[in-house]
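The chain contents come next:
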Amino acid sequence: MKIDSWTNLEVYKASFALQQQIFEFSKKWQPEERYSLTDQIRRASRSIGANIAEAWAKRRYPAHFLSKLTDSDGELQETLHWLDSAKACGYLTPAHAEELQRLAFQLGRQIGSMINRRETFCF
């Protein structure tokens, strides 16, 4: 299948699904977390897909493509940090935290695979 848009990438779809799940969980968090944990985890999780979209636009330039993918991976790692924080604060049950972490690790493998095969995406 020819991929003609970043929106068709499975890695992008997975990143969007993760961000939306985090958004749904974070709507129930304490109001005093609005400008700290809630904003931070939402921003980081949304940046994963945004960087994938930017990478797609820059695939004509392999170094830029790789840079945006590594930015995406960095945002994923930050998201994992905030998930740990939310779990430690009691905002996520262990089961919910485990499910979100599982999705994040799976997404990380997809990003890593894309990084390792970057030359197949660039032209």
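To be clear, the structure that these remarks concern was listed above.
In what follows, the accompanying structure is described. (Residues numbered from 1 in each chain as written. Predicted model: local features only at pLDDT ≥ 70, side-chain atom pairs only at ≥ 80, totals over all residues. Heavy atoms only, no water.)

Overview of helix α1 (residues 10-26)
Using the following cut-off: Working definition: helices are DSSP H or I runs of at least four residues, strands are E runs of at least two. Numbering for both runs from the N terminus. The span you would expect from a helix comes to 1.5 Å times its residue count less one. In this scheme, a residue with accessible area under 20% of its type's maximum is buried, one over 50% is exposed, and one in between is partly exposed, where area comes from a 1.4 Å probe on protein chains only. Throughout, the arc means that of the directions going from the helix axis to the C-beta atoms.
Its 17 residues give α1 an end-to-end C-alpha distance of 24 Å, which sits within 8% of 24 Å, the value for a rise of 1.5 Å per residue. The set of residues buried in α1 consists of V11, Y12, S15, L18, Q19, I22 and S26. When α1 is viewed along its axis, its buried side chains cluster within an angular range of 125° and face the same direction.

What to know about the nonpolar core
General note: in soluble globular proteins, nonpolar side chains tend to be found buried as a group. The condition is simple: Among buried residues, the Ala, Val, Leu, Ile, Met, Phe, Trp, Tyr and Cys ones that are joined through side-chain atoms within 4.5 Å form a nonpolar core. Between two residues, a contact is recorded if the distance between any of their heavy atoms is within 4.5 Å.
If you look at the biggest cluster of nonpolar residues, it comprises 30 residues, and the most contacted ones within it are L9 and L18. Contributions of two or more residues to this core are made by α1, α2 (34-57), α3 (62-88) and α4 (94-116). Other than its neighbours up to four places away in sequence, L18 contacts I48, L76, L100, L103, A104 and L107.

A short note on the pattern of salt bridges
Convention followed: What counts as a salt bridge is simple: a side-chain nitrogen of Lys or Arg found within 4 Å of a carboxyl oxygen of Asp or Glu.
Enumeration over the complete set of coordinates arrives at 7 salt bridges. Put simply, R43 and E75 hold a salt bridge, and the shortest N to O gap is 3.5 Å. Note that R43 is positioned in helix α2 and E75 in helix α3, a separation of 32 residues in sequence. Overall, the relative accessible area of 36% leaves R43 in the partly exposed class.

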